[in-house]
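Structural overview
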Amino acid sequence: MNQSSSFTRKVIYIACIGGLLIPLSLVSRPATRNSANEIKDPGGLLSQMRDANDLSPAKLSEIDPGSETMKLASLGLRGIAVNLLWMKAIKAKEEKEWDVFASTLNSLVKIQPNFIKVWEFQAHNLSYNVAVEFDDYEQRYHWIKKGIEFLTQGIPYNRRDHRIIDNLGMICGQKFGTADERFQYRTLFRNDDLFHDQMSQFVDVDQINTPYGPDHWLLAYLWYDRSLNMVENNVDGERVQKFSKDMLFYQKKPSQLRNMGLSLRDEFRADEFQQANWRRAYEEWLAYGNRPIRWDRDPSRPAVSLEGLTTSLQTVQNLRHELDKLAPGARTQMLSVKVAAFPKEYVALLDRPVDSLDDEELEKMRQLDSVLYGADNLDELIATTSVTTNDKRAAEEIVGKINVERFKLSLGDSLRSTMNYDHWRDHTLVESTDKGIEARQFIFDAVELRRQSLLDEFMVREPIAGTQTLYPGAIQKFENSFSDWAQIMLEYPGLREGPLMNEMIDVINDYMVVREAAGKDGWPDDFILQDVIDFRFGKGRAPDELPTSADVAERFETRGRLSRLRLPKRPNIQFVQPIEQE
Amino acid sequence: MVVKDFPDLMRWLFGDSTRTGAFLILLLLILASSLFGLFFGFLVASFRHGPAEAFYTVAKVVAGAIPDWIHISYRRIFAIAGLAIKEAIRRRVILVAFLIFALSLLFGGWFIGGGEHPDRVYINFVMWGTQLLILMLVMLISAFSLPDDIRNKTIYTVSTKPVRISEIVLGRIVGFAILGTGLLAVMGIISLLFVWRGLSHTHQIAVNDGGQVEFQPVDRLATGHRASDNAISGTTTLFDSGHRHYVEVVEDVRGIDDPPPADTESILSQETRGDKIVYQRLQVMHASGHSHNVAVTGKGEAAVYDFSDAKGFFRARKPKYAEMLVFFDRQGEPKREGMSTGDEWTYLGFIDGGITLSRAEYLFNNFSADDFSSTDVLPLELKLGVYRSHKGDINTRIRAGLQIESFTGENETALPRRFRSEVMEFETEEDIIQVKGIPRKIPGQIYGPEGELIESGIYDLFDDFAPNGRLKLTVRCMDQSQYLGMARASVYFRLTDRPYWLNFARGYIGIWMQMMIVICLGVSLSTFLSSPVTMLGTVCAIIFGFFSESIKKLTVPEVSGGGPVESFYRLVTQKNQEEALSRSLSVDAMEQIDKLFISMVGAVTRIVPDFSRLDFSDFLTYGYFVDNDRLAVAFLISFAFCTGLTLMGYFCLKTRELAG
């Protein structure tokens, strides 16, 4: 081959390359926009497909030179490089080479910056799996933060994805606030000004301050707020896809305030700040209850709101009255047999306006409704069999509306039960009342007195004046608290079961221990929360084995028998001088 | 750092009752390869010239080899080496390699640093980068040199001169070696400067809004932060170089006649309390694998705090490892391995705590005061794993106990008096190397031959406890139902540190040895293969060499999923690795092919050099000195491979010339 033929060949190659570049540039031509940010030219086919599938790097993220360099340095073997790095990370974790593990993850995400699951998985690895490997809580705290810092690196790469932000909220909230070492973590967090500075790049950390110091639950709240904001208001005018169910997604933000309230009440004596926080938690929870929520299995179905129960019931009632006008007497006739089985006061509830019913009546009315209408759709039956032909269309419309409302009721019930909505609404409300705050203060004081071994009433003599003052001990504080809780339970009977009551059982157990330590019967004869205990027993949920009224009665009887047998009474030693009450 | 082998040159070379020495293996290998070479040469020659002539040809080649190596001329070797260097420089590969190296160092600093141990990241970066570049470079120049000369017929300008084949092969190897060594030396010096420059930093002390330094009282309940036992207050430095340090004010209580603390510049104040002097001094806590010295000038609000450059990054610890580690179970029975706490990684063996007889005994030999720079306090370093079987007390770390004892070897006369120290308790800290100062004079008891207590007192570690150079260190876990994990390398006495530059140089000697093997391999293969095939062969050898451990794992017969054919079959039929295949002729055939393949791969892993034994990056990364025995073993391995490959190259080229 001579020199000229070689030259010709090269020219042909270059021409071919040039020729191929023309269609390539046409299909990948980017979209252009005018000054009003409207699309002037949608761009080439490739460009359009990238846009349609959210694959354009410029849209997904900022283009990071470090990441791009790493991708280029892998010389088109990105997949292999990623696999090698994953294997290295797994090996480092297995061999507990934590700094190698962390640095490998940093390289890994440079090559896979837009793969959300990598961020989620590895951040979880750092904050949960690696952190727990350490014996020292300070090191655990450090590695939880590493997971958080790792996730924050992913934000600029994925500005239109809320999942990283949600994960940040979860780790900042749950991991610090619900672990066994939560007290230590929360204390470390309060004093970690460096970490607060780091977080200030992403959220307004001034908002996490409380009178006790910065609180991580508020940091979690701000992350969820940011996520919510992204979904509702979009980012840079671009739509943000929501990857979470409505029911779960919208409850995250208000839950953080409630969780903060739960944490604070164990650490500090209840005060105005905690009361205000509970109030805020209640209001935000109520706002969540009023928000329309779509069914994740079929988003085309009508949205429901958890607080919409009364409205839906009232609508159903009104629609049934309308239907009854089209078929007078038909309902009464059809229901006559079924209704006869129920007491009259039950049946009367069906005709009363829904908003006039209290919670207990509403529950009874719903049970009755379920029995009467649950098995066969009675409204449809009335519309098909008892309505004249002229009114059939109108009747069908009404039945359609009734069915929609009944769907809402059914879905609303399911969602409320899943989220334990009613309980948390009442719980947050109760905690925000003066009575609730007072009850909490009594418990806090009781625990403090118990720590100081001041179990029962104690006398303090003023050294100069010589007067004596009787102070309540832990037992009295507990009893004061139970008195408040009894009133609260009377007002909110729904709280007799659920997390609040579970917590109260723990308090009651503490109370019993304190009584026994003070030389008294573990269980008083006239325990003020006895009704609540009996109620729990009646529900079949009493693994705590607290004495029921029957147990107490049996004890009375035993005491009587002992008295008849003239057995000696227990010695009653009085160590305290007669009380001079002021 | 994970250390699994503790080479002893003599034992490695000549073996002991448990293993065959490398020397004997080498002799057998030489014999086997000579026989194989003769047979292979005879076979090739037989095809070319017939069996009778073949015998003569092989004999001639072997006989000719002796004068070829005896009458070798160093002048001619260096002349050829000079030509090889010129040729390599002309190719500009070196320039490109150096350019890449310079660019990596210029911009590498952007991406590295920070983290828990920035020193490790830096060292890893330069070691890995240098290794990669230098091996690629020598592979390219050695693989292309001879084949290009043969293809372009420029080899005749040399071979027509009175030059021996051995000189041609050696000349090229020496030339490339000189070039590679020079480049490696330059890279090493630049890397050291890069690491030193990158890690060098200082700090400023944090001040409040009024510009004053505020020392907060130590209160763990309020801050959650753990402080030293004698700390009374503290503050922090400003955030710099990706971290900040806690600065504690500690109280150092000494007798009136005792000397003041060595670090006098850090003393804030001193006061006399009874017969003691209390020095309040500053102490900078470790962060990111290092600390700083701090000097205080002036008093009160006018005080100025100067932080020194980072200290603790550039270490070359010389550990004195125990000769043996013996675990004891709950019943006090000796075991080779510790308990398993369910970890996949079995490097650490565990002992359980509380009132059991479980313990770990480290048996030290040749324990002598001469190895320590200061014998008043001996630094004992520990890196223990912790496993909690129950939550226990969150605020307190798991406690360990150390006890020192004298002991005798198996066939030695029992010591008339056996010394045993009191138990020294401490809280363990995971993931860091804890340093415990063991005083030379320690309280303990003396026991007679029957185990009877003779007396209690304070005794000398070397003269009393280890008069025979043997010392037993027992580690116990003090907390009930909790576990401590350890390996042989987890506990050691730290001897006098070696100079860091020397360790750095040793790390690069490791790369140099790898480079020499690659050069010899490249030159040797290029005597009978074309350039691309030589390159491919060398790359394969490097990959096999670096990943031999992982590849060996694939060659065990019971590997799940089978060999390549079976794995492919499982892949396309979506059968998992554990699912048994129904027996059939095709499955049997598949398994036989896999067996053949696996045995071939297994054979290759045994032939190619294990590069991980020549790689000392971990030692540099974790700050441990590359000991002489380890270096010598690596050198002997490299030398054996280089010699074998050079001879192979010589015979191949000689045969090729004969064929031509």
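One can find the structure itself at the top, above this paragraph.
Here we summarise the structure given alongside this text. (Residues numbered from 1 in each chain as written. Chains lettered and ligands numbered in written order. Predicted model: local features only at pLDDT ≥ 70, side-chain atom pairs only at ≥ 80, totals over all residues.)

As for the interface of chain B and chain A
- Listed per partner, the contact involves 27 residues of chain B and 21 residues of chain A.
- Tallied by class, the residues present in the side of chain B that touches chain A amount to ten nonpolar, six polar and eleven charged. (Contact = placed C-beta atoms within 7 Å. Nonpolar A, V, L, I, M, F, W, Y, C, P; charged D, E, K, R; others polar.)

Focus: the sheet that holds strand S18 (residues 434–439) of chain B
Residues and elements named next belong to chain B.
- Judged by pairing direction, the sheet is antiparallel, and its four strands sit side by side in the order S8-S23-S13-S18 without closing on themselves. One side of each edge strand has no neighbouring strand; the edge strands of this open sheet are strand S8 (318–321) and S18. Along the sheet, successive strands turn relative to each other by an average axial angle of 40°, direction set aside.
- Pairing analysis gives four bridges linking S8 to strand S23 (residues 491–495), with the strands arranged antiparallel. If you follow Lys320 over to S23, its bridge partner there is Phe493. (Pairing = 2+ DSSP bridges. Helix = DSSP H or I, 4+ residues; strand = E, 2+ residues; numbered from the N terminus. Axes fitted to C-alpha atoms, helices over the stretch in contact; angles between N-to-C directions.)

Points about the nonpolar core
- Val138, Met515 and Ile519 of chain B are the most contacted members of the largest nonpolar core, which totals 89 residues.
- Considering every element that reaches this core, the biggest residue donor is helix H6 (residues 118–151) of chain B, with 17 residues.
- Discounting chain neighbours no more than four positions away, the residues touching Val138 of chain B are Phe176, Gly180, Met515, Val518, Ile519 and Gly522 of chain B.
- Listed in part, the 63 residues of the second largest apolar core include Leu85, Ile164, Leu168 and Met260 of chain A. (Core = buried A, V, L, I, M, F, W, Y, C linked by C-beta atoms within 7 Å. Buried ≥ 20, exposed ≤ 12 C-beta atoms within 10 Å, placed from the backbone.)

Let's talk about the environment of Trp485 of chain A
Residues and elements named next belong to chain A.
- One can find Trp485 in helix H24 (residues 474–491).
- C-alpha separation for the pair Trp485 and Glu438, spaced 47 residues apart in sequence, amounts to 9.7 Å.
- Apart from residues no more than four positions distant in its own chain, Trp485 is found in contact with Ala439, Met504 and Leu529.

Let's talk about the packing of helix H9 (residues 163–178) of chain A against helix H10 (residues 182–190) of chain A
Residues and elements named next belong to chain A.
- Where H9 meets H10, the closest approach of the two axes is 6 Å, and the angle between their N-to-C directions is 125°. The orientation of H9 relative to H10 falls into the category oblique. Contact residues: H9 offers Phe176, Gly177 and Thr178, while H10 offers Arg182, Tyr185, Arg186 and Phe189.
- Among the residues making up the contact of H9 with H10, the classes are represented as three nonpolar, two polar and two charged. (Parallel < 35°, antiparallel > 145°, perpendicular 65-115°, else oblique.)

Some thoughts on helix H5 (residues 78–94) of chain A
Residues and elements named next belong to chain A.
- The end-to-end C-alpha distance of H5, which contains 17 residues, comes to 24 Å, matching closely the 24 Å that a straight helix rising 1.5 Å per residue would cover.
- For H5, the elements touching its buried residues are helix H6 (98–111).
- Of the residues one or two after H5, Lys96 is the one with positive phi, at around 60°. (Expected span 1.5 Å × (residues − 1).)

Points about the sheet that holds strand S1 (residues 216–217) of chain B
Residue and element names in this part refer to chain B.
- Reading across the sheet, the five strands line up as S1-S2-S3-S5-S4 and stay open at both edges, with antiparallel pairing between neighbours. Sheet topology places S1 and strand S4 (267–273) at the edges, where each strand pairs with a single neighbour.
- When S1 meets strand S2 (residues 231–236), the two strands line up antiparallel, connected through two bridges. What sits directly across from Gln216, in S2, is Gly234.

Remember, this is a structural readout, not a statement about activity or role.
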